[in-house]
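Coordinate analysis (summary)
Residue-level listing of the chains:
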Amino acid sequence: MMGINDLIMNALPLPVLTIGPEQRVLHANAAAESFFEMSLRVMQRQKLSDFIPFGSPIMALVEDVRQRGSSVSEHRVDIGSPRLGAERIVDVFATPLGDDRGRVVVMLQERTIAYKMDRQLTHRGAARSITALGAMLAHEIKNPLSGIRGAAQLLEQSAAEDDRILTRLICDETDRIVKLVERMELFGEERPVERGPINVHGVLDHVKRLAQSGFARHIRFVENYDPSLPPVLANRDQLIQVVLNLVKNAAEAVGIDASDGEIILSTAFRTGVRLQVPGSQERLSLPIELAISDNGSGIPPELASDLFEPFVTTKVQGSGLGLALVAKIVGDHGGIVECDPAPRRTTFRILLPMHRANDGRGAEM
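Here the structure is a predicted model, which is why all the values come from computation and not from measurement.

**Here we look at the overall build of the chain**
- Within the chain one finds 12 helices and 14 strands.
- Burial statistics for the chain: of 365 residues in total, 43% are counted as buried.
- Contacts in the chain between residues far apart in sequence, at least 24 positions, make up 62% of those at least 6 positions apart.
- Roughly 19,400 Å² of accessible area belongs to the chain as shown, and the carbon and sulfur atoms make up 54% of that amount.

Quick look at the structure:
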């Protein structure tokens, strides 16, 4: 008869395996049986290496967890094979079972084709896909707009008071379009930027001061920092731009009328989070986490999967370029940006590589 633990495991929608010594499969839930297209009894007669492709980082990850005695996760791992399919991209989460028998629990989360497109094309490529459009707009629109604005200013000098309202509207709207085009031009920036060891707490404190003196003066800020956090490898101005954009969004989500508005700035060191570098077998460690949380109205579910797409926005007057630019900058730094759109606790989380000295050691604070 099936026990309560088995019932719980089989209720989970994600494949979960328990791996014992010598990579033996001790247990697998129903989702794992479906994922690998074999029964638990068949899997228990095999090793993990019998149905995971040769050389897969999952084997090394399981052994790493066993040696460390702590959890490790790895993103975008391809476990494709002739039997499983040409391309099966998964996120892998592994943790020790907490006993002295060396057992490790492995959970897989498959990335669908649509999700892979959202993450890889949006977070790294979508911004580049409108580079040519931004360059075209800069040339073909900014120059004519300058002429339109100049003509409106000339008309304003001889216009009646009522008509000046219209000429001022033309100037204001022209300025707004120019700012939009200038923001799009940023996507075309391919020049290398100077990067070095940056203290993320200095960046967060700078943005907090800007926010509290202006757009977020009515909101309470809470700091939850890891004081031992090492520096990140980043460009300070670009990192400020990213954090400022996210804090502005958080303040707008809270609203100007909220009496209990709160934004939480937090940092943490996350061991075991790695990302495969596109086009190579190298895996980049992303241990530095910055998170911005707010208790605002949240993100509509229908927009959650497309948040980082250009021109996707919930704001009436928004351009939908802010988060796309955040994704581009973070991606250019070799990091990832995620959103947890929970009601009354929306969190944007950035994972970045830390700075290392020339000898390969982590830089000192």
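**Section: the nonpolar core**
- In this structure, Val232, Leu239, Leu246, Val247, Ile263, Leu290 and Ile350 are the most contacted members of the largest nonpolar core, which totals 39 residues.
- Valine 232 has contacts with Gly196, Pro197, Ile198, Val200, Leu239, Ile288, Leu352, Pro353, Met354 and His355, leaving out every residue within four places of it along the chain.
- Counting 27 residues, the second-largest nonpolar core is a separate cluster that includes Leu17, Ile19, Met38 and Phe51.

**A closer look at the sheet that holds strand S9 (residues 262–269)**
- Judged by pairing direction, the sheet is mixed, and its 5 strands sit side by side in the order S7-S9-S12-S14-S13 without closing on themselves. Edge positions in the sheet fall to strand S7 (220–224) and strand S13 (336–342), since each has one partner strand and no second. Geometrically, the sheet is characterised by an average inter-axis angle of 15° between neighbouring strands, direction not taken into account.
- Summarising the sheet, strand S12 (residues 288–294) and strand S14 (residues 345–352) pair through 7 bridges and their orientation is antiparallel. The residue bridging alanine 291 from the neighbouring strand is arginine 349, located in S14.
- Relative to S12, helix H10 (residues 236–254) is tilted by about 25°, and along the sheet it contacts S7, S9, S12 and S14.

**Section: the packing of helix H9 (residues 200–212) against H10**
- At a minimum axis distance of 9 Å, the contact between H9 and H10 shows a crossing angle of 50°. Classified by the interaxial angle, the pair formed by H9 and H10 is oblique. By crossing handedness, the relation of H9 to H10 is classed as right-handed. In this structure, H9 contributes Val200, Gly202, Val203, Leu204, His206, Val207, Leu210 and Ala211 to the contact, and H10 contributes Arg236, Leu239, Ile240, Val243, Leu244 and Val247.
- Residues belonging to the contact of H9 with H10 are distributed by class as follows: 11 nonpolar, 2 polar and 1 charged.

**Considering the pattern of salt bridges**
- As enumerated under the stated definition, the model contains 11 salt bridges in all.
- In this structure, aspartate 260 engages arginine 344 in a salt bridge whose closest nitrogen and oxygen atoms are separated by 3.4 Å. A residue pair is termed long-range when its members are at least 10 positions apart, and aspartate 260 in the loop between H10 and S9 and arginine 344 in the loop between S13 and S14 qualify at 84 residues.
- For aspartate 260, a relative accessible area of 46% puts it in the partly exposed group.
- Look at arginine 344 and you get partly exposed, because its relative accessible area is 46%.
- Because the salt bridges share partners, they merge into one network encompassing Glu156, Arg168 and Asp172.

**Observations concerning the packing of H10 against helix H12 (residues 322–332)**
- It is the contact of H10 with H12, at a shortest axis distance of 10 Å, that shows an interaxial angle of 145°. The hand of the H10/H12 crossing is left-handed. Touching Gln238, Gln241, Val242, Asn245, Leu246 and Asn249 of H10 are Gly322, Leu323, Leu325, Val326, Ile329 and Val330, all from H12.

**Description of the packing of aromatic side chains**
- The tally for this structure, following the rule as stated, stands at 1 aromatic pair.
- A ring pair is formed by phenylalanine 35 and phenylalanine 36, whose centres lie 4.9 Å apart and whose planes are at 80°; its orientation type is edge-to-face.

**Let's talk about H12**
- Most of H12 sits inside the fold, with 10 of its 11 residues counted as buried.
- Directly after H12, the chain includes glycine 334, whose backbone phi takes a positive value near 80°.

**Re unusual backbone geometry**
- Positioned with a positive phi, glutamate 22 is a non-glycine residue whose angle comes to about 60°.
- Structurally, glutamate 22 can be placed in the loop between strand S1 (16–19) and strand S2 (25–28).
- On the basis of relative accessibility, which here comes to 60%, the residue glutamate 22 falls in the exposed class.
- Phi at glutamine 23 takes a positive value of approximately 60°, unusual for a residue other than glycine.
- Secondary-structure assignment places glutamine 23 in the loop between S1 and S2.

**A short note on H10**
- Between the first and last C-alpha of H10 there are 27 Å, a value that for 19 residues agrees with the 27 Å anticipated at 1.5 Å per step.
- For H10, the N-terminal capping position is held by asparagine 235, with its side-chain oxygen 3.2 Å away from the main-chain nitrogen of aspartate 237.
- Following H10 by one or two positions, glycine 255 has its phi on the positive side, about 90°.

**Looking at the pairing of S2**
- With 3 bridges connecting them, S1 and S2 associate as antiparallel partners. For leucine 17, the partnering residue across the bridge sits in S2 and is alanine 28.
- Taken together, S1 and the strand that follows it, S2, pair antiparallel across an intervening segment of 5 residues, in which glutamate 22 is found at a positive phi of about 60°.

**Quick look at the environment of arginine 45**
- Of note, arginine 45 is situated in the loop between helix H3 (40–44) and helix H4 (57–68).
- In this structure arginine 45 comes out as exposed when scored by relative accessible area, which is 61%.
- Sequence separation between arginine 45 and arginine 24 is 21 residues; the distance between their C-alpha atoms is 8.0 Å.

**Description of the confidence of the model for the chain**
- For the chain, the mean per-residue pLDDT works out to 76, and 72% of the residues sit at or above 70.
- Note on residues 120–127: pLDDT is under 50 here. Beyond four places in sequence and across chains, it has 27 contacts.

What counts, and where the lines are drawn
- Residues numbered from 1 in each chain as written.
- Predicted model: local features only at pLDDT ≥ 70, side-chain atom pairs only at ≥ 80, totals over all residues.
- Heavy atoms only, no water.
- Helix = DSSP H or I, 4+ residues; strand = E, 2+ residues; numbered from the N terminus.
- Buried < 20%, exposed > 50% of the residue type's maximum accessible area, 1.4 Å probe, protein only.
- Contact = heavy atoms within 4.5 Å.
- Areas by Shrake-Rupley, 256 points an atom, 1.4 Å probe, with all protein chains shown as cover.
- Core = buried A, V, L, I, M, F, W, Y, C linked by side-chain atoms within 4.5 Å.
- Pairing = 2+ DSSP bridges.
- Axes fitted to C-alpha atoms, helices over the stretch in contact; angles between N-to-C directions.
- Parallel < 35°, antiparallel > 145°, perpendicular 65-115°, else oblique.
- Left-handed = near helix turned anticlockwise from the far one by under 90°.
- Nonpolar A, V, L, I, M, F, W, Y, C, P; charged D, E, K, R; others polar.
- Salt bridge = Lys/Arg side-chain N within 4 Å of Asp/Glu carboxyl O.
- Phe/Tyr/Trp six-rings, centres within 6.5 Å; stacked < 30°, edge-to-face > 60°.
- Expected span 1.5 Å × (residues − 1).
- Polar contact = N/O pair within 3.5 Å; in protein donor to acceptor, adjacent residues only side chain to side chain.
- pLDDT = per-residue confidence, 0-100.

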